[in-house]
Amino acid sequence: MSEHIDASEGNIWVYAIIIMAFTMSFSFILDKAMLNIPINISLISFIFEATLGELLLQIAITLLGLYIGYIGLKELLFEKRFSVEFLMSIASIGALYIGFLYEAAMVLFLYSIAEFFEDYIEDRAKRTIESLSKYMPETARVIEDGKERICGIKEVSPGSIILIRPGERIPLDGIIIEGFSYIDQAPVTGESMPIPKKKGDEVYGGTLNIDGVIKIRVTKPSDKTLISRIIKLVTESRARKAKMEQIVKRVARIYVPLVIISAILTILIGTNFLTSNLNTWIYRSLILLVIACPSAFIISVPATFFSALTLAARKGVVIKGGIYIEKLSEIKAVVFDKTGTLTFGSPEIYIDCQNTHIENMEYLRYAAALEQYSNHPVAQAIIKKAIEINLDYKDLKVQNITEIPGKGVIGDVNGVEIGIGRYELMEIPDRAPLDKSEDGDGHTKVYIFYNKNLAAQLCLADKVREDAVVAVKELKEMGLHTIILTGDKEYVTKEIAEVLGVDEAYSELLPEDKLTLISKIRDKYGTVAMVGDGVNDAPALASADIGIAMGGTGVDVALESADVVLVKDELQQIPYLYRLSKKAMRIAKENIVVSLGTKIFLGILGIMGLIPLWFAVAVGDDGITMLLLLNILRQGTIK
C-alpha cells in the first residue's frame, strides 16, 4: 500500500467504500426484485449479456480497479517496484474478466476499508507531532524605538525585543529581559504545572504566558525554535530505519515479482497438466495474488516503529529513528553522568542536615534579601529556600553591598550588617565555628553573620533527582546493569551511589577516561546506553551505542548530538523507553510471523480451490493487515 497518502487520497477511500457498498447492495436488491433484465452491454468480462445490476457492478469495479492500477503503475514506472496496488488491480480486473463480479467487488471493498484504516492509524500517529504546530503564533509584537509593531514571526530576527501579554503564546525562543510570569511549558516539555520565569530565564516559542507582562530578547529565528526542531527531528526520524525495516523493504522488492511469476505459472501448469479449464486456474491464480500480497508485513513493521516514536514524543522524548528503538531493546547496561543528570547540577540548602545550624529563620530572610541581586549558585540556593518556606524578603531595604572575592558578600539589610560566605569572611578571633568538621561528605558549608556575629551555618549540596532513585530501581529490576561515570570527587560519588543503589560508580574521571570505561563496559555487558546532560558529555554520548541526553540544561547540544533526548529531564522515561522498545520489537516480529504463516496456509488452500476470492481478501490480505495494525496499538498500553 502507498506509504505517502495525503488527506485528499484518504477521502477517496471513504468514497470508494461508500460506492462499492451501495453498488453491491443495490445490485443485490435488483436481482432479488427480479429486475434482472438482460442488457446487451458489457465491459471487461466474458459475460456478453449483463443485467442492470451486473452492469452497475462492472462499472464500479472497472473505475476503481483502474484507479488502483494507475497508482500501482506510477510506482512501477517511477519507483521501479511492483506495489500492492498493482496486485489488487490485477486481482479485481481479473475476477471481473472471468465473470466473478461479486468477488471482484468484495476485493475492492475490503481493500478500500483496509487502506482507509491504514491511513487512520498513520494519521493518528502523525497528529501527535503536527498538533505541536498549532501552538506557534503567526505574529509577534516587536518593540522598536519604544513603539509596538505587529509583524510575522518569520520577519523577527534574533536580538529583537518582543512583548508578550498575559494569555498570549510566546512566539519565539528568547531570554526574559523584563518582567515576571508563570509560563505553561506543556506543549514543549510536557510539564503539568506552569513554571515561574523571571529576568534572565529562557523561554520557548509555543509556550503560554499565564499572568504577567514580559519582554524577551529573541535568540533564534522561527525555524530554529525548540518546538520547530522537535517537530522536524521526529518527522525526519522515519528516514532512520531499523534493520528489521530495511530487511522487509529489501525482501518486498523481489517478493512481488515472484508472486506475479507464481500466479502465471499456476495458470500454465494448471491448464496444461491438471485440467484444461482456463477460468478455474485464472481464478485460483488471482486468489494466490491476493493472499501473497505483502502489504500486511510491509506496512506493519515501519508502522510499529513510527507508532513507538510518536508515543515517546507524547511523553516528551525525542527518538531520532526506528534504528534507536531497535538498539534500545538490546541494551544491557545504562551508564549515567552524575552532575546535571542524576542530580540537579546546582546546590540546595538542607535545613535538616546535621551540618546546618540555624535557630532563627529571620537570619535566612535577611540573607535572601542580600543575595536577591546575585546570580551565584549559593545565592540562588538561599533565595530558593526562602521562597520555599515563605520568607518575605523583598520588602527589606538593602544597601552598601560589597563582594569579597573568594570569601563572600557583605551588605546592610534594614540597617543591620549581614555577611554571607566562608567562615573567613568575618575574622572574629573570639568566636569559633558552629561546626568545626571538615567538608568531607560532599556538602558545602556557608555561614551567615549578623552584625559581625556568627548567626547561622547552612549546609549546601547538589540534590539527587527524586525520579533518579525510581529510574535506577526499575532498570535494575529489569535486569540492566547501572553505572555512574563522573569527574566529581570520590566521596561525593560514593554518597550518590549509595542513595541510588547503582551497581558500580567511577569518580574523578577525565573525558577520555569515560570513553575508555564505556568501551570496557560494552565488552563486559553488551549494548550500552549513556545518559548525560548533553553539554559536557558529548564524547561519551557519541561513544555509547545509545546516547540519551537531558534536554532541559542543554537542549541545543542535546538535539544535535544525542540519539534520544529527554526534553522534560525525566529519568523515569528511560525504563519506559526500554519497555516500549521491547514491546515494539516483539510486536514487529509477531506481525511478520502471523502474516507469513497465514499467507502460506491460505495460499495452499487457494491453489487447491478450497477458499473463494473474497475470503482470500477478507482474511489473507486486508483482514490480516487490519489485525496487525490493531496489534500495533497495543504499544499504547505501555506505562
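Throughout this document, residue positions are counted from 1 along each chain, in the order its sequence is written. With the structure being a predicted model, the display of local features is reserved for residues of pLDDT at least 70 and the display and counting of side-chain atom pairs for 80 or more, all residues being used for whole-chain, interface and lining totals. Think of the side-chain values as coming from all heavy atoms in the structure, minus any hydrogens and water.

### As for the packing of aromatic side chains
Formally: Any two of the Phe, Tyr and Trp rings considered here, Trp counted by its six-membered ring, make a pair once their centres fall within 6.5 Å; the pair's planes then place it as stacked at under 30 degrees, edge-to-face at over 60, or tilted in between. Comment: the charge-over-ring label is applied if NZ (Lys) or CZ (Arg) is within 6 Å of the ring centre and within 35 degrees of the ring normal.
Here the structure, examined in full by the defined rule, presents four aromatic pairs. Put simply, the rings of Tyr363, Tyr366 and Tyr450 pair up and form one aromatic cluster. Sitting over the face of the ring of Trp281, Arg284 holds its NZ or CZ atom 4.7 Å from the ring centroid. One Lys or Arg, Lys315, reaches over the ring of Tyr576 and ends 5.0 Å from the middle of that ring.

### Topic: the nonpolar core
Defined as follows: Put simply, buried Ala, Val, Leu, Ile, Met, Phe, Trp, Tyr and Cys residues joined by side-chain atoms within 4.5 Å make one nonpolar core. Any residue under 20% of the maximum accessible area for its type is buried, any over 50% is exposed, and the rest in between are partly exposed; the area is computed with a 1.4 Å probe on protein chains only. Residue contacts are defined here by distance: any two heavy atoms, one from each residue, within 4.5 Å place the two residues in contact.
Within the largest apolar cluster, 43 residues are counted, with the highest numbers of intra-cluster contacts made by Ile319, Phe336, Leu571 and Leu577. Non-local contacts of Leu571, meaning those with residues more than four positions away in its chain, are made with Phe336, Thr341, Leu342, Arg465, Asp467, Ala468, Ala471, Val531, Met550 and Leu566.

### Examining the packing of helix 12 (residues 361–371) against helix 13 (residues 377–388)
Two quantities define a packed helix pair, namely the angle between the helix axes and the distance between the axes. Going by this rule: Think of each axis as a best-fit line through the C-alpha atoms, taken over the contacting stretch in the case of a helix, with angles from 0 to 180 degrees between the N-to-C directions. Helix and strand assignments come from DSSP, with helices taken as H or I runs of at least 4 residues and strands as E runs of at least 2, each series counted from the N terminus. Geometric relationships in this document are graded by angle, where less than 35 degrees denotes roughly parallel, more than 145 denotes roughly antiparallel, 65 to 115 denotes roughly perpendicular, and other angles denote oblique. Left-handed is the label given to a crossing in which the near helix is rotated counterclockwise from the far helix by less than a right angle, and right-handed is the label when the rotation is clockwise. Gly is put with the polar residues, along with every residue not named as nonpolar or charged; the nonpolar set is Ala, Val, Leu, Ile, Met, Phe, Trp, Tyr, Cys and Pro, and the charged set is Asp, Glu, Lys and Arg.
Taken N-terminus to C-terminus, the directions of helix 12 and helix 13 make an angle of 130°; their axes are 9 Å apart at the nearest point. Taken together, helix 12 and helix 13 sit at an angle that is classed as oblique. In the crossing of helix 12 with helix 13, the sense of the turn from one axis to the other is left-handed. Contact residues: helix 12 offers Leu364, Ala367, Ala368 and Glu371, while helix 13 offers Ala379, Ile382, Ile383, Lys385 and Ala386. For the contact of helix 12 with helix 13, the residue count by class is seven nonpolar, no polar and two charged.

### Observations regarding unusual backbone geometry
Unusually for a residue other than glycine, Asn390 sits at a positive phi of about 60°. Within the element layout of this structure, Asn390 appears in the loop between helix 13 and strand 15 (398–404). Residues other than glycine seldom take positive phi values, yet Asn400 does so here, at roughly 50°. Among the secondary structure elements, Asn400 is positioned in strand 15.

### Considering the pairing of strand 17 (residues 416–421)
Quick reminder of the rule: Think of it this way: DSSP has to see at least two bridges between two strands before they count as a pair.
The buried fraction of strand 17 amounts to five of the six residues, a majority that puts the element mostly inside the structure. Bridging between strand 16 (residues 408–413) and strand 17 involves six bridges; their strand directions are antiparallel. Counterpart to Val413 in the pairing with strand 17 is Val416. In this structure, strand 17 lies alongside strand 18 (residues 444–450), joined through four bridges in antiparallel fashion.

### Considering a positive patch on the surface
Basically, it comes down to this: Surface patches are defined over residues having more than 30% relative accessible area and no salt bridge, joining like charges when they lie within 9 Å and nonpolar side chains (Val, Leu, Ile, Met, Phe, Trp, Tyr) when within 5 Å. Residue-level accessible areas treat just the shown protein chains as cover; the underlying method is Shrake-Rupley with a 1.4 Å probe. Only one rule defines a salt bridge in this text: a Lys or Arg side-chain nitrogen within 4 Å of an Asp or Glu carboxyl oxygen. The charge count treats Lys and Arg as positive and Asp and Glu as negative. His and the chain ends do not count. Charge positions come from single atoms, namely NZ of Lys, CZ of Arg, CG of Asp or CD of Glu.
Where like charges cluster on the molecular surface, the positive patch consists of Lys332, Lys582, Arg586 and Lys589. Residue placement: Lys332 occurs in the loop between helix 10 (322–328) and strand 13 (333–336).

### Remarks on the pairing of strand 11 (residues 214–218)
Alternating residues of strand 11 divide into Ile214, Ile216 and Val218, all buried, and Lys215 and Arg217, none buried. In this structure, strand 5 (residues 161–164) lies alongside strand 11, joined through four bridges in antiparallel fashion. When the bridges of strand 11 are listed, Ile161 appears paired with Arg217. Direction of pairing for strand 6 (residues 174–178) relative to strand 11: antiparallel, over a ladder of four bridges. Note that in strand 11 the partner of Ile176 across the bridge is Ile216.

### A look at the pattern of salt bridges
Following the criterion strictly, the structure yields 14 salt bridges and no others. With a closest N to O distance of 3.2 Å, Arg141 and Glu148 form a salt bridge. The class of Glu148 is partly exposed, set by a relative accessible area of 43%. Residues Lys514 and Asp337 are paired through a salt bridge, measuring 3.4 Å at the closest nitrogen-oxygen approach. On the criterion of sequence distance, the pair formed by Lys514 in helix 16 (residues 511–525) and Asp337 in the loop between strand 13 and helix 11 (338–342) is long-range, its members being 177 residues apart. When its relative accessible area of 4% is taken as the criterion, Asp337 is described as buried.

### What about helix 8 (residues 278–292)?
Test applied: Each helix should span, by expectation, one fewer than its residue count multiplied by 1.5 Å.
End to end, helix 8 covers 21 Å across 15 residues, agreeing with the expected 21 Å (1.5 Å per residue, within 8%). Burial analysis of helix 8 places twelve of its 15 residues in the buried class, which makes it a mostly covered element. Buried residues of helix 8: Trp281, Ile282, Tyr283, Arg284, Ser285, Leu286, Ile287, Leu288, Leu289, Val290, Ile291 and Ala292, and no others.

### A short note on helix 12
Rule in force here: Any N or O atom pair separated by 3.5 Å or less is treated as a polar contact, with the protein-specific requirement of one donor-capable and one acceptor-capable atom, and with residues adjacent in sequence counted only for side-chain atom pairs.
Within helix 12, eight of the eleven residues are buried, which leaves it mostly tucked inside the rest of the structure. A distance of 2.9 Å separates the backbone nitrogen of Glu362 from a side-chain oxygen at the start of helix 12, and that oxygen is part of Asn360.

### A closer look at the confidence of the model for the chain
Stated formally: Confidence of the prediction at every residue is given by pLDDT, a number between 0 and 100.
Here the chain averages 77 in pLDDT, and 78% of its residues register 70 or above. Here helix 18 (residues 555–561) stands out as the least confident element of the chain, with mean pLDDT 55; strand 13 is the most confident, with 94. Low pLDDT, under 50, characterises residues 429–433; the stretch is placed with eight contacts to residues that sit more than four places away or in other chains.

### So, the side chain of Ser222
For Ser222, the location among the structural elements is in the loop between strand 11 and helix 6 (226–236). Apart from the residues lying within four places of it in its own chain, the contact partners of Ser222 are Ile153, Lys154, Leu172 and Ser228.

### A few points about the sheet that holds strand 7 (residues 181–184)
If you trace the three strands from one edge of the open sheet to the other, you get 8-7-10, paired in antiparallel fashion. The open sheet has two edge strands with one neighbour each: strand 8 (195–197) and strand 10 (208–209). Here strand 7 pairs with strand 10 via two bridges, running antiparallel. Across the sheet, residue Asp184 finds its bridge partner in strand 10, namely Leu208.

### Quick notes on the sheet that holds strand 21 (residues 504–506)
What links the strands of a sheet is backbone hydrogen bonding, and the strands pair in either a parallel or an antiparallel sense. Strand order across the open sheet formed by seven strands is 12-24-23-22-13-20-21, with mixed pairing between neighbours. Each edge of the open sheet carries a strand with a single partner, namely strand 12 (317–319) and strand 21. Between one strand axis and the next, the sheet turns through 20° on average, direction left out of account. Summarising the sheet, strand 23 (residues 546–550) and strand 24 (residues 564–566) pair through three bridges and their orientation is parallel. Paired with Ala549 across the two strands is Val565, which belongs to strand 24. Running over the sheet, helix 15 (residues 490–500) touches strand 20 (481–485) and strand 21 and is turned about 155° from strand 20.

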